[in-house]
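Here is what each chain is made of, one letter per residue.
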Amino acid sequence: MAQVTIYARRQCIEARRAAISDAIHGAVMEALAYPAEKRFHRFIALDAEDFIYPDDRGENYTIIEISMFDGRTESAKRALIEELFARLDAEAGIPPHSVEITITETPRVNWGIRGVNGADLALGYKVDV
């Protein structure tokens, strides 16, 4: 399971929402062997006065927070971050210096999904990549 929250200025999201979502999902599928049908993205579009950051990040500064089950290897997480930087630049026009990424992992038992505890959920894909 991976839930992705994307924070950016409103005009950045409005101009690039589909490209950002496609870039993120492509990176997650490539790096984590994630199924194509499992796309969970939430966009938080902020007005300029509600999103304060250093000028050197650029007007398309974007924060990506990924919450997922624990179990991925360090190399898989490194690959995910590398894929995100590359795809956001190539597919959405957001350069790496304008992107910050955090990954938060929690045990499956800390999730409730479709009426069951995450530890009891049949996933249909591997987490230990």
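Residues numbered from 1 in each chain as written. Predicted model: local features only at pLDDT ≥ 70, side-chain atom pairs only at ≥ 80, totals over all residues. Heavy atoms only, no water.

Caption draft 1: Highlighting the pairing of strand 4 (residues 99-106). In this structure, strand 3 (residues 62-69) lies alongside strand 4, joined through eight bridges in parallel fashion. Bridging from a neighbouring strand, M68 pairs with E105 of strand 4. Taken together, strand 3, helix 2 (residues 74-92) and strand 4 form a β-α-β motif whose crossover is right-handed. (Pairing = 2+ DSSP bridges. Helix = DSSP H or I, 4+ residues; strand = E, 2+ residues; numbered from the N terminus. Right-handed = clockwise from strand over helix to strand, strands pointing away.)

Caption draft 2: Expanded view of the nonpolar core. The biggest cluster of nonpolar side chains holds 32 residues, and the ones touching the most others in it are I24, I64, I66, L80 and L88. For this core, the secondary-structure elements that each account for two or more residues are strand 1 (2-9), helix 1 (10-32), strand 3, helix 2 and strand 4. The dominant element in this core, judged by the number of residues it contributes, is helix 1, at nine residues. When neighbours within four sequence positions are excluded, L88 is seen to be in contact with I20, A23, I24, I64, G93, I94 and V99. (Core = buried A, V, L, I, M, F, W, Y, C linked by side-chain atoms within 4.5 Å. Buried < 20%, exposed > 50% of the residue type's maximum accessible area, 1.4 Å probe, protein only. Contact = heavy atoms within 4.5 Å.)

Caption draft 3: Summary view of unusual backbone geometry. One non-glycine residue with positive phi stands out, namely A33, at about 55°. Looking at where A33 falls in the secondary structure, it is placed in the loop between helix 1 and strand 2 (41-46). At R114, a position not held by glycine, the phi torsion is positive, near 50°. Following the sequence through the fold, R114 ends up in the loop between strand 5 (112-113) and strand 6 (116-117). On the accessibility criterion, R114 (61% relative accessible area) is exposed.

Caption draft 4: Spotlight on the sheet that holds strand 1. Judged by pairing direction, the sheet is mixed, and its four strands sit side by side in the order 2-1-3-4 without closing on themselves. Sheet topology places strand 2 and strand 4 at the edges, where each strand pairs with a single neighbour. Here the strands of the sheet are splayed against their neighbours by 15° on average, with no regard to which way each runs. Running over the sheet, helix 2 touches strand 3 and strand 4 and is turned about 150° from strand 4. (Axes fitted to C-alpha atoms, helices over the stretch in contact; angles between N-to-C directions.)

Caption draft 5: View of the pairing of strand 1. For strand 1, a buried count of seven out of eight residues is recorded, marking the element as mostly surrounded by other parts of the structure. As judged from the seven bridges shared by strand 1 and strand 3, these two strands associate in the antiparallel manner. Residue pairing in the sheet places V4 in a bridge with I66 of strand 3. Bridge analysis of strand 1 against strand 2 gives six bridges, and the strand direction is parallel. If you follow T5 over to strand 2, its bridge partner there is R42.

Caption draft 6: Structural context of the side chain of H25. Turning to its location among the elements, H25 is positioned in helix 1. Apart from residues lying up to four places away in sequence, H25 is in contact with Y34, P35, A36, K38, R39 and H41.

Caption draft 7: The packing of aromatic side chains, seen in detail. If you walk through the whole model with that rule in mind, you get four aromatic pairs. Summarising the aromatic geometry, the rings of F51 and Y61 are spaced 5.5 Å apart at their centres and angled 25° between planes, so their arrangement reads as stacked. You can see F51 sitting in the loop between strand 2 and strand 3 and its partner Y61 sitting in the loop between strand 2 and strand 3, a full 10 residues away along the chain. Residue class for F51 comes out buried when judged on its relative accessible area of 9%. Given a relative accessible area of 5%, Y61 falls into the buried group. (Phe/Tyr/Trp six-rings, centres within 6.5 Å; stacked < 30°, edge-to-face > 60°.)

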